[in-house]
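Coordinate inspection notes
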Amino acid sequence: MTPTEFINKWKPVALTERAAAHSHFIDLCELFEHDDPVTADPKGEWFTFEKGVTKTGGGEGFADVWKRNFFAWEYKKKKRDLNAAMDQLVRYAAALENPPLQVVCDTDRFIIRTAWTNTVLKQYEIELDDLANPEKFNTLRAVFHDPERLRPKETRAGLTREAADKFSTIALRLQGRGTAEEVAHFVNQLVFCFLLLA
């Protein structure tokens with residue numbers, strides 16, 4: 001299946017989540033030259049549809065698709081709230097062995113969120129028509145074949161170190177413009193403001 005064939009097939013579809021999800025995912029597997037879950041793992045031990053989970057905070061649920069060490073994937077009907085679907089995956093993550101990628105999809109849109117430990121979260125958004133764009137196509141292809149390609153380079157520790165260096169530079173530039181206590185108070189206020197914006 002080519003990207004154009006995939007786009008043309010799925011653009012007019014207005015089925016419910018349940019009616020569309022498996023067929024859509026199987027077509028994605030074909031598009032990205034990847035075995036579907038049943039072919040790859042007939043026992044459903046590491047790659048499966050409808051992976052049963054216990055949610056963080058209590059309750060039971062199902063991840064629509066799960067591939068160990070790759071992703072957890074949740075479908076929603078077109079035009080539904082994909083952020084709510086992402087929140088659902090976050091509650092499933094521990095039961096799914098904390099996959100590095102969390103993907104939500106409504107057949108028109110894909111949102112891929114990274115979830116590696118100690119890295120800065122990165123999110124990719126891809127529209128159905130974007131699959132004709134080689135860069136966007138390869139981003140979604142990496143979900144199936146090479147999730148490491150999507151691993152953020154920045155770590156949380158590195159980001160914290162960079163922020164500390166910038167605040168230190170500000171404090172040094174403010175020396176002589178007030179007492180040490182006034183400068184420290186001002187820099188603390190800046191830190192507080194940035195935390196509110198984060």
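The residue numbers shown here count from 1 along each chain, following its written sequence. A pLDDT threshold of at least 70 governs which residues receive local features in this predicted model, and a stricter bar of 80 or more applies before side-chain atom pairs are shown or counted, although totals over entire chains, interfaces and linings include all residues. Each side-chain value is worked out from all heavy atoms of the structure, with water and hydrogens disregarded.

1. Some thoughts on empty space enclosed by the protein
Our working definition: For each structure, a 1 Å grid was placed over the protein atoms alone; sets of points admitting a 1.4 Å probe that cannot get out are labelled cavities, open sets with protein on both sides within 12 Å along at least five of seven lines are labelled pockets, and lining residues have an atom within 4 Å of a point. Grid points are joined across faces, edges and corners, and a volume is the space filled by probe spheres set on the points. Secondary structure elements follow DSSP: runs of H or I of four or more residues count as helices, runs of E of two or more count as strands, with numbering from the N terminus. Side-chain classes follow a simple rule in which Ala, Val, Leu, Ile, Met, Phe, Trp, Tyr, Cys and Pro form the nonpolar group, Asp, Glu, Lys and Arg form the charged group, and the remainder, Gly included, forms the polar group.
Across all of its chains, the model carries 1 cavity of 30 Å³ or more by this definition. A volume near 50 Å³ is recorded for the largest cavity. Along the walls of the largest cavity sit 13 residues, with Leu15, Ala20, Lys76, Asp106 and Thr107 positioned nearest its centre. The element contributing the most residues to the lining of the largest cavity is helix α2 (residues 17-31), with 3 residues. For the lining of the largest cavity, the residue count by class is 6 nonpolar, 2 polar and 5 charged.

2. Notes on the environment of tryptophan 116
How we decide: To sort residues, take the accessible area from a 1.4 Å probe on protein chains only and compare it with the maximum for the residue type: under 20% means buried, over 50% means exposed, and anything in between is partly exposed. The contact criterion used throughout is that any non-hydrogen atoms of two residues lie within 4.5 Å.
One can find tryptophan 116 in the loop between β5 (109-114) and β6 (123-127). Assessed through its relative accessible area of 10%, tryptophan 116 is described here as buried. When the C-alpha positions of tryptophan 116 and glutamate 148 are compared, they lie 9.7 Å apart, and in sequence the two are 32 residues distant. In this structure, tryptophan 116 is in contact with Pro100, Leu101, Pro147, Glu148, Leu150, Arg151 and Pro152, ignoring residues within four places of it in sequence.

3. Some remarks on α2
The condition that has to hold: Here a helix's expected span is defined as the number of its residues, less one, multiplied by 1.5 Å.
Look at α2: 20 Å from first C-alpha to last across 15 residues, which is about the 21 Å you get at 1.5 Å a residue. Two residues or fewer after α2 comes glutamate 33, characterised by a positive phi angle close to 50°.

4. Concerning the environment of proline 152
If you trace the backbone, proline 152 turns up in the loop between α5 (134-145) and α6 (156-173). Taking the relative accessible area as the measure of exposure, proline 152 reaches 11% and is therefore buried. Put simply, proline 152 and glutamine 123 are 29 residues apart on the chain and 9.7 Å apart in space, counted from C-alpha to C-alpha. Apart from residues lying up to four places away in sequence, proline 152 is in contact with Thr114, Trp116, Thr119, Val120 and Lys122.

5. With respect to the nonpolar core
What counts is decided by this rule: In this description, a nonpolar core means a group of buried Ala, Val, Leu, Ile, Met, Phe, Trp, Tyr and Cys residues linked to one another through side-chain atoms lying within 4.5 Å.
Judged by nonpolar contacts, the single largest core of 34 residues is most densely connected at Phe25, Leu28, Phe71, Trp73, Leu140 and Val143. Residue assignment for this core shows that the elements contributing at least two residues are α1 (3-10), α2, β1 (47-54), β3 (71-75), β4 (101-105), β5, β6 and α5. If you tally residues by element for this core, the top one is α2, at 6 residues. If we skip the residues at most four places from it in the chain, phenylalanine 71 touches Phe25, Phe47, Val65, Trp66, Pro99, Leu101, Val103, Val143 and Phe144.

6. Some points on the packing of aromatic side chains
Convention followed: Only rings of Phe, Tyr and Trp enter the pairing, Trp through its six-membered ring, and a pair is recorded when the two centres are within 6.5 Å. The plane angle decides the type: under 30 degrees is stacked, over 60 is edge-to-face, the rest tilted. For a Lys NZ or an Arg CZ to count as sitting over a ring, it must be within 6 Å of the ring centre and within 35 degrees of the ring normal.
Evaluated as defined, the whole model comprises 15 aromatic pairs. Here the aromatic rings of tryptophan 73 and tyrosine 75 are separated by 6.1 Å at their centres, their planes lie at 40°, and the arrangement is tilted. Of the two residues, tryptophan 73 and tyrosine 75, neither departs from the other in class, the shared state being buried. An aromatic cluster is present here, built from Phe25, Phe32, Trp46, Phe47, Phe49, Phe71, Trp73, Tyr75, Phe110, Phe137 and Phe144 joined pairwise through their rings. The positively charged end of lysine 67 is found above the aromatic ring belonging to phenylalanine 47, 5.6 Å away from the centroid. Just above the ring of phenylalanine 70 sits the side chain of lysine 67; from NZ or CZ to the centre is 3.7 Å.

7. Let's talk about the environment of threonine 54
The cut-off we apply is this: Polar contact is the term for a pair of N or O atoms within 3.5 Å; when the atoms are in protein, one must be able to donate a hydrogen and the other to accept it, and sequence-neighboring residues count only if both atoms are side-chain atoms.
With respect to the element layout, threonine 54 can be found in strand β1. With a relative accessible area of 47%, threonine 54 lands in the partly exposed category. Distance in space between the C-alpha atoms of threonine 54 and alanine 94 is 8.7 Å, their sequence separation being 40 residues. Excluding residues that lie within four positions of it along the chain, threonine 54 makes contacts with Gly59, Glu60, Arg91 and Ala95. Looking at threonine 54, its side chain comes within polar contact range of the side chain of glutamate 60, at 3.3 Å.

8. Notes on the pattern of salt bridges
The cut-off we apply is this: Throughout this description, the term salt bridge denotes a Lys or Arg side-chain nitrogen within 4 Å of a carboxyl oxygen of Asp or Glu.
Under the definition given, this model contains 6 salt bridges. Taking the shortest distance from any N to any O, the salt bridge between aspartate 129 and lysine 11 comes out at 2.8 Å. On the criterion of sequence distance, the pair formed by aspartate 129 in the loop between β6 and α5 and lysine 11 in the loop between α1 and α2 is long-range, its members being 118 residues apart. Residue lysine 11 is classed as partly exposed on the basis of its relative accessible area of 42%.

Honestly, that's just the spatial picture; any functional story needs more than this.
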